[in-house]
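# Close look at the chain arrangement
Spelled out, the chains give:
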Amino acid sequence: MLIHVVRLGRTAGWMLILFLTCAIAFVLLRAAVTGPAPTLARPGLPPPAAWEVLSLSARDVRIIGKTLAIAGGAVVGSFLLAAPAVLALAAARGRLGRTLLYGLTAWPLLTPPSVIAYAWTLLATQQSWAGHVLTALGWHRTGAAPVVSAWLQAAWLWPIPALILSSAVRAWGLPAYRMALLDARPSVALSRAGLPAVRGAGLAAAGIVFLLSIQDAAIPPIMLIQDTWSSDMLMEVTRAARFADSTSFLLWRSWPMIGLAALAAGAAWLGWGRGWSRSGATAADETGASGPRMRGWSIAAAALAFGVSVFPVIVFVGEVSSADRPARELFGTGLTAHARDFAASLIVAALAGLCGAALALAVIDTGARPRNRRPRAALALFLLLAVMPPVILGRAMIDVFDRAWFVPQRWHWSIYVDSPLAWTVGVAARFGFLPIGLVLAARRWLGDETAEQARVDRATEDEILAHVRARQLVRPIVAGALLTACMALAELQVSSLLAPPGWIGGSLAVALDQQIHFGRNAQVVAMSLLLTLPAMLGAMAVAWLMSGAAAGAAFKSPRSVR
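What comes next concerns the included structure. (Residues numbered from 1 in each chain as written. Predicted model: local features only at pLDDT ≥ 70, side-chain atom pairs only at ≥ 80, totals over all residues. Heavy atoms only, no water.)

### Quick look at the overall build of the protein
Secondary structure summary: the protein contains 28 helices and zero strands in total. Taking all 562 residues of the protein together, 54% fall into the buried category. Surface accessibility of the protein: about 25,800 Å² in total, with carbon and sulfur atoms responsible for 67%. (Helix = DSSP H or I, 4+ residues; strand = E, 2+ residues; numbered from the N terminus. Buried < 20%, exposed > 50% of the residue type's maximum accessible area, 1.4 Å probe, protein only. Areas by Shrake-Rupley, 256 points an atom, 1.4 Å probe, with all protein chains shown as cover.)

### Thoughts on the packing of helix α3 (residues 58–90) against helix α8 (residues 159–180)
Across the interface, α3 lies against α8 with an axial gap of 8 Å and an inter-helix angle of 45 degrees. Between α3 and α8, the interaxial angle falls into the category oblique. Crossing geometry of α3 relative to α8 is assigned as right-handed. Across from S78, F79, A82, A85, V86, L89 and A90 in α3, the residues of α8 making contact are P161, A162, L163, L165, S166, V169, R170 and L174. (Axes fitted to C-alpha atoms, helices over the stretch in contact; angles between N-to-C directions. Parallel < 35°, antiparallel > 145°, perpendicular 65-115°, else oblique. Left-handed = near helix turned anticlockwise from the far one by under 90°. Contact = heavy atoms within 4.5 Å.)

### Structural notes on the packing of aromatic side chains
For any pair of aromatic rings, the description rests on two quantities: the centre-to-centre distance and the angle between the ring planes. Enumeration according to the criterion identifies six aromatic pairs in this entry. Measuring from ring centre to ring centre gives 4.4 Å for W120 and F311, while their planes differ by 40 degrees; the resulting arrangement is tilted. Here the residue W120 occupies a position in helix α5 (residues 113–124), and F311 occupies one in helix α15 (residues 292–321), the gap between them amounting to 191 residues. Among the residues examined, F311 registers a relative accessible area of 16% and is labelled buried. (Phe/Tyr/Trp six-rings, centres within 6.5 Å; stacked < 30°, edge-to-face > 60°.)

### Considerations on the environment of R30
Inspection of the secondary structure assignment puts R30 in helix α1 (residues 2–34). Residue class for R30 comes out buried when judged on its relative accessible area of 17%. On a C-alpha basis, the gap between R30 and T247 in space is 9.2 Å, while along the polypeptide they are 217 residues apart.

### With respect to the packing of α3 against helix α4 (residues 95–110)
One can describe the packing of α3 onto α4 by two numbers: an axis separation of 10 Å at closest approach and a directional angle of 155 degrees. One finds that α3 runs roughly antiparallel with respect to α4. Every pair of crossing elements has a handedness; the one defined by α3 and α4 is left-handed. Two secondary-structure elements touch here, α3 through A85, A88 and L89 and α4 through L101, Y102 and T105. Counted by class, the contact of α3 with α4 contains five nonpolar, one polar and no charged residues. (Nonpolar A, V, L, I, M, F, W, Y, C, P; charged D, E, K, R; others polar.)

### Some words on the pattern of salt bridges
Going through the model one piece at a time under the given rule, you end up with eight salt bridges. Between D232 and R59 there is a salt bridge, with its nearest N and O atoms 3.0 Å apart. Taken together, the residues D232 in helix α12 (residues 229–240) and R59 in helix α3 connect sequence positions 173 residues apart. Of the charged contacts, one joins R430 and E491 as a salt bridge, the two residues approaching to 2.5 Å between their closest N and O atoms. Taken as a pair, R430 in helix α21 (residues 421–431) and E491 in the loop between α25 (474–490) and α26 (493–498) lie far apart in primary sequence, 61 residues in all. R430 sits in the buried class, given a relative accessible area of 12%. For E491, a relative accessible area of 3% puts it in the buried group. Three or more residues are tied together by salt bridges with common partners; here these are R30, D245, R395 and D399. (Salt bridge = Lys/Arg side-chain N within 4 Å of Asp/Glu carboxyl O.)

What follows is the structure, encoded as structure tokens:
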């Protein structure tokens, strides 16, 4: 039975990979053939020339400059917020403590960014000491909106440097620092050994935060900033609809964003490669226990990281408790008003999670072919999809599914309009690198001894895949599927384009994002609080699975192959 399940999952995963490869290749090839000069779909105004599409006006330069400034501020702010979590995670001992800390750290990243921004906005408008402090710091001051947007993006993205740097500190930073202490003072050991060991991880974290910041179109509009590149590209979708090939127009129009994203992705890849080159270093757990002072600092840092993570929940709970209507009525009314969106979002999240599991199963191997490059090629494809601006990815999925030739027109049924298939494939394409990356990272630490022993015992390749590799990698596979489902539930830009108008409902995250712009509302606060629960449960589940994998629980040899 297990063999058939693994075989079915691998087939589905490679079919999805092949479909996305053909779809993206078709979109890029058509854009190259069409060129930057679009053709009008119907008579009207003359289409712009190629130089008008590729050139940057003064407004474009101002938008790019503001986007870069906000992204730079988000990188700095995320590292500042991540510092205590790095200290706490690096000093954590025991699976339960690691699970709690990792879950609380990953929680904000799985929450919709508009919900986090909404929590800070509610706090800033309260007549409390916290609201007065934020007002004194210039929260409501004219011209401070970019700074506030950068801080809100940092409050959303700080788990990325926290998780990456804490892993690097445990694996490479602390061993190098303690080794250098044998011959140098603590300050010299830190500056010449500890910090250089995690420099690549810091570069990777900065590149990822920068990439996600320039692609964010949720937080700046909440701060009434419409002239950022991602927000402007959402408005360009309406303009692109006038042309025969709207996806090609958006692709050529987005060349500055694509260039910035490529630079950020290149920096992240370079830093990640430097980190992996140190993969043979001794783990921090093997270098001795921490002293009392270190334990005291780690407890204080853990408390601060805990406060940063649960801050939105504290604000929402305070707002709900001070509302005129009881909490049960608020949640009941909100669920009734958004019942269709809630059901549709859960269905799509579950389907996206299944796609993530299939992608994870597709890249496992038996180790029989040491030069098998297909898993790396699949990871490269999904990294390309993650780097691609979400507007272009969503528009490309519309072109592919809305023109599906295999659906007869006499059926009066469209895959894009009447089914969640395009929506599911779109969010799975954007976050498919998560399950693939987790499995490949775990596979790197696996030896081939168990598989070779099973092969000596005359086990077939299918039996090795199902009873050896799948069992060894079950925790990363499930964790990747959960991450994909949680990110699909919180996704905004692709969901706003691909949510089917003829289906049962749209995206709950998009619906709440639209309601948030109307200001303080007790029902919206209650639904925002409710939307943080899947993020919390998903973060804790993923932390529990991956902490077990880190401790070696995921890599136990199976009892029997047959």
